[in-house]
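# Architecture and fold: a report
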Amino acid sequence: MLPRPSGLLLKLAAFFLLCGIPALFALDAARVMVEFRQLVAVLDSPGMATEIGREAEAIGRHRRERGLNGIGLTRDLERWLLTLTQPSRSPFGDTAFALLEFGPQPFAAMLLDAEGRALATTREGFTPPLSVRARGNDVAIAAVDSPRLQRLYHAPLQGPDGARETLVLWLDLPRPGERIWRSLSFEWPIVLVGALVFATVAAVFLRAWVTRRLRRIADTAEAWRHGRFDLRIADPARDEIG
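So, here is what we can say about the structure in this document. (Residues numbered from 1 in each chain as written. Predicted model: local features only at pLDDT ≥ 70, side-chain atom pairs only at ≥ 80, totals over all residues. Heavy atoms only, no water.)

So, about the overall build of the chain. Each helix and strand counted, the chain has six helices and five strands in total. The helix and strand sequence of the chain, counted from the amino end, reads α-α-α-α-β-β-β-β-β-α-α. Residues classed as buried in the chain amount to 38% of the 242 residues present. Taking all contacts inside the chain whose residues are at least 6 apart in sequence as the whole, residues at least 24 apart take part in 60%. If you sum the accessible surface of the chain, you get close to 14500 Å²; carbon and sulfur atoms cover 60% of it. (Helix = DSSP H or I, 4+ residues; strand = E, 2+ residues; numbered from the N terminus. Buried < 20%, exposed > 50% of the residue type's maximum accessible area, 1.4 Å probe, protein only. Contact = heavy atoms within 4.5 Å. Areas by Shrake-Rupley, 256 points an atom, 1.4 Å probe, with all protein chains shown as cover.)

Encoded structure:
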């Protein structure tokens, strides 16, 4: 039978909560910060530019050889975005899982013609915040001045009949502070309930298995003080107390 709640039980539960909740929060915040730095390192790396250049070349080839256009072109862009969040095929590696933890699909892709008009897009109504008119043959990367982490990539490609087109990739992620605050709003109530259950169980265990044994020792010592040396401490455990 579980012991009835007492002052000691409540104090022990409060102790575990006061120690456990800040520790869990600190660990989660540290994890988010590490993942965020890893994401930024990949986003600004040559590997990301290589991935975009490779996809631009593939789309240009599909446009020239298969006449890819309309819905088929949009599906091709959507397929590419999915691969960016798959560790086995993404330049982010295992960090790709963290992309979706920071929010829903963080990428948007579109293909522009030589006049800057959208031929296909994965996000209706999306307009790049910066000029994306491709110059030269290299992939361009621009960091947008924003409270969020935003990157704009664009790479030139050769479309049908030698037309010059531009593949655009847009990334929009919250900063770690926003990510942690959102987890406090949605995930932490569950964590708090779990921590409360754990703290209560741990407090019950300590009270039942530690303080009860100490009380037995104290009662026996009090009996010895009054000359009742026939009493013995019935504790078969061989630990620091037994």
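Next comes the rest of the account.
Taken as a whole, this structure holds nine salt bridges when the rule is applied. R79 serves as the salt-bridge partner of E55, at 2.9 Å between the closest nitrogen and oxygen. Taken together, the residues E55 in helix 2 (residues 46–66) and R79 in helix 3 (residues 70–84) connect sequence positions 24 residues apart. Among the salt bridges present, the one from E78 reaches R75, with a minimum N-O distance of 3.3 Å. In this pair, E78 and R75 both sit in helix 3, three residues apart, roughly one turn of the helix. By relative accessible area, R75 is classed as partly exposed at 48%. The structure contains a network of salt bridges with shared partners spanning E55, D76 and R79. (Salt bridge = Lys/Arg side-chain N within 4 Å of Asp/Glu carboxyl O.)

Core analysis: the largest hydrophobic core is formed by 34 residues, its most contacted members being M48, I52, W80, F92, F107, L167 and L169. At the level of secondary structure, the elements contributing two or more residues to this core comprise helix 1 (7–43), helix 2, helix 3, helix 4 (96–101), strand 1 (107–112), strand 4 (149–158) and strand 5 (164–173). Sorting elements by how many residues they give to this core places helix 1 first, with six residues. Those residues in contact with F107 that lie beyond four places of it in its chain are M48, L81, L84, F92, L99, R123, L169, W170 and L171. Within the second largest apolar cluster, eight residues are counted, among which are M110, L112, F126 and L152. (Core = buried A, V, L, I, M, F, W, Y, C linked by side-chain atoms within 4.5 Å.)

Summed over the entire model, instances satisfying the criterion amount to two aromatic pairs. Seen in terms of ring centroids, F92 and F107 are 6.3 Å apart; in terms of plane orientation they differ by 45°. Their pairing is tilted. Pair noted here: F92 is in the loop between helix 3 and helix 4 and F107 is in strand 1, with a separation of 15 residues, a long-range link. We note that F92, like F107, is buried. Pairing F126 with W170 gives two aromatic rings, centres 5.9 Å apart and planes at 35°, and the pair type is tilted. Of this pair, F126 sits in the loop between strand 2 (118–121) and strand 3 (140–143) while W170 sits in strand 5; the two residues are 44 residues apart in sequence, bridging distant segments of the chain. No difference in accessibility class separates F126 from W170, as the two residues are buried. (Phe/Tyr/Trp six-rings, centres within 6.5 Å; stacked < 30°, edge-to-face > 60°.)

What follows covers the sheet that holds strand 5. Strand order across the open sheet formed by five strands is 2-1-5-4-3, with antiparallel pairing between neighbours. Here the strands that pair on one side only, and so sit at the sheet edges, are strand 2 and strand 3. Averaged over neighbouring strand pairs, the angle between their axes works out to 20° when direction is ignored. Pairing geometry for strand 3 and strand 4, over four bridges, is antiparallel. Following the sheet pairing, A142 is matched in strand 4 by L152. Together, strand 1, strand 2, strand 3, strand 4 and strand 5 form the strand contacts of helix 2, whose direction differs from that of strand 4 by roughly 40°. Helix 3 contacts strand 1, strand 2 and strand 5 of the sheet and is inclined by roughly 145° relative to strand 1. (Pairing = 2+ DSSP bridges. Axes fitted to C-alpha atoms, helices over the stretch in contact; angles between N-to-C directions.)

This part covers the environment of A96. Following the sequence through the fold, A96 ends up in helix 4. Given the relative accessible area of 0%, A96 is considered buried. Sequence separation between A96 and E35 is 61 residues; the distance between their C-alpha atoms is 9.6 Å.

Notably, D161 is not glycine yet its phi reads approximately 60°, a positive angle. Tracing the chain through its elements places D161 in the loop between strand 4 and strand 5. Exposure remark for D161: the relative accessible area of 85% places this residue in the exposed category.

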